[in-house]
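Letter by letter, the chains look like this.
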Amino acid sequence: MAEKVVIGNAELWLGDCREVLPLLPHVDLMLTDPPYGIGIDGQKQSTNRNPKHSRKAHDFLGWDTETPERLVFELLRYKSNGQIVWGGNYFTDKLPYPTKGWLFWDKGQRGLTMSDGELAWTSFEFPMRAYTLNRVALQADGGTEHPTQKPLQLMAWCLGLVPEAETVCDPFMGSGTTGVACAQLGRAFYGIERERKYFDIACRRIEQAYAQPRLFEDAKVGAGETAVQGDMLLPANA
Ligand SMILES: C[S@@+](CC[C@H](N)C(=O)[O-])C[C@H]1O[C@@H](n2cnc3c(N)ncnc32)[C@H](O)[C@@H]1O
């Protein structure tokens, strides 16, 4: 049985998104980061020597053994006006249609064994965009409480690309980064997470975000413009 917690303008559900999502209202934007199916949740050893970044520091919960079913991606589309799906390159066989509106998170790493960046599939028509932000930014967000925690600034940047989205849902909420960005930017949020451990972290982080003054007041951007530090619009022929 799914459990619901309401914090400010956020409705957080502990449960399986395949069961909870059909019960939620239609939203303006799905901004999410599903399991990539690459075993990043602890069963593979990280090459990073910094113990704070080591995946061995996280319990193996087994949520990254496979990607969501095609039906889940159809559900995301059915329940929202627009979608931004991180890890889109891992789901190209399941996403609804080809897009030119890819997003790239450039992690600023070159020549290392870790990946240089991540890709998000979007349903939007905007030209491909890249955001440069070193993973070290995670420390500024309070560390990595989840093995694949996204930087808060990255999710805030995504929200800035869709300023008309007043209601946002993340059905693979993890530690709640999308919800924290929504709290900071004044968007209503619906989050779903299956693992109790991460759900509790998300509840705490979102509660703290509502207790703080808004961090990203200056990061608001107009349609098609970007004003967040580190953003870079690639030329059309890139
Ligand atoms: C890639 S992580 C998201 C990390 C998040 N972006 C953050 O910043 O913390 C994906 C999350 O989806 C959760 N998950 C996997 N399958 C799920 C399902 N069917 N319903 C709800 N949550 C699920 C996993 O437990 C995991 O925490």
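The structure this text deals with has already been given above.
Bear in mind the structure is a predicted one, so any value in this text is a computation, not a measurement.

Draft legend 1. Region of interest: the pairing of strand S1 (residues 3-7). Judged from the five bridges that link them, S1 and strand S2 (residues 10-14) form a sheet pairing that is antiparallel. Bridging from a neighbouring strand, Val6 pairs with Glu11 of S2. Taking the residues that link successive antiparallel strands as the turn, the S1-S2 hairpin has two residues, and the phi of Gly8 there is positive, at about 55 degrees.

Draft legend 2. Broad picture of the site of the ligand. Not every one of the 21 residues close to the ligand is listed here, only the nearest: Asp33, His146, Ser175, Thr177 and Glu193. Between the ligand and the protein, one listed contact pairs an oxygen atom with a backbone N or O atom of Lys150 at 2.9 Å. For the ligand, an oxygen atom lies 2.6 Å from a polar atom in the side chain of Ser175. When the ligand sits alone it has 610 Å² of accessible area, and the protein chains cover 97% of it. When each cavity is represented as a set of grid points, the ligand is found to reside in the second largest pocket.

Draft legend 3. Broad picture of the pairing of strand S9 (residues 188-193). In terms of burial, S9 is largely enclosed, as six of its six residues are buried. Of the two faces of S9, both are covered, the one formed by Ala188, Tyr190 and Ile192 as well as the one formed by Phe189, Gly191 and Glu193. Relative to S9, S2 runs parallel, the two sharing five bridges. Paired with Glu11 across the two strands is Tyr190, which belongs to S9. Bridge analysis of strand S8 (residues 167-170) against S9 gives four bridges, and the strand direction is parallel. Looking across to S9, one finds that Val168 is bridged to Phe189. Read as a crossover between parallel neighbours, the route from S8 over helix H5 (residues 177-185) to S9 is right-handed.

Reading the values: the criteria
- Within each chain, residue numbers correspond to sequence positions counted from 1 in written order.
- Given that the model is predicted, a residue must reach a pLDDT of at least 70 before its local features are reported, and side-chain atom pairs must reach 80 or more before they are shown or counted; all residues, however, enter totals for whole chains, interfaces and linings.
- Each side-chain value is worked out from all heavy atoms of the structure, with water and hydrogens disregarded.
- Any two strands are treated as partners once DSSP identifies two or more bridges connecting them.
- Helix and strand definitions follow DSSP, with helices as H or I runs of at least four residues and strands as E runs of at least two, each counted in order from the N terminus.
- Whether a residue is near a molecule or strand depends on its heavy atoms: it is near if one of them lies within 4 Å of it.
- Any pair of nitrogen or oxygen atoms within 3.5 Å is treated as a polar contact; in protein, a donor-acceptor pairing is required on top of that, and neighbouring residues in sequence qualify only through side-chain atoms on both sides.
- To be clear on the numbers: accessible area is Shrake-Rupley with a 1.4 Å probe, and residue cover counts the displayed protein chains and nothing else.
- Cavities and pockets are found on a 1 Å grid laid over the protein atoms alone: a cavity is a set of points where a 1.4 Å probe fits but cannot escape, a pocket is an open set with protein on both sides within 12 Å along at least five of seven lines, and a lining residue has an atom within 4 Å of such a point.
- Any molecule with more than half of its atoms within 2 Å of a cavity's or pocket's grid points is counted as sitting in it.
- Relative accessibility under 20% of the residue-type maximum defines a buried residue, over 50% an exposed one, and the middle range a partly exposed one, all with a 1.4 Å probe and only protein chains included.
- With strands facing away from the observer, any crossover in which the path from the first strand over the helix to the second runs clockwise is taken as right-handed.

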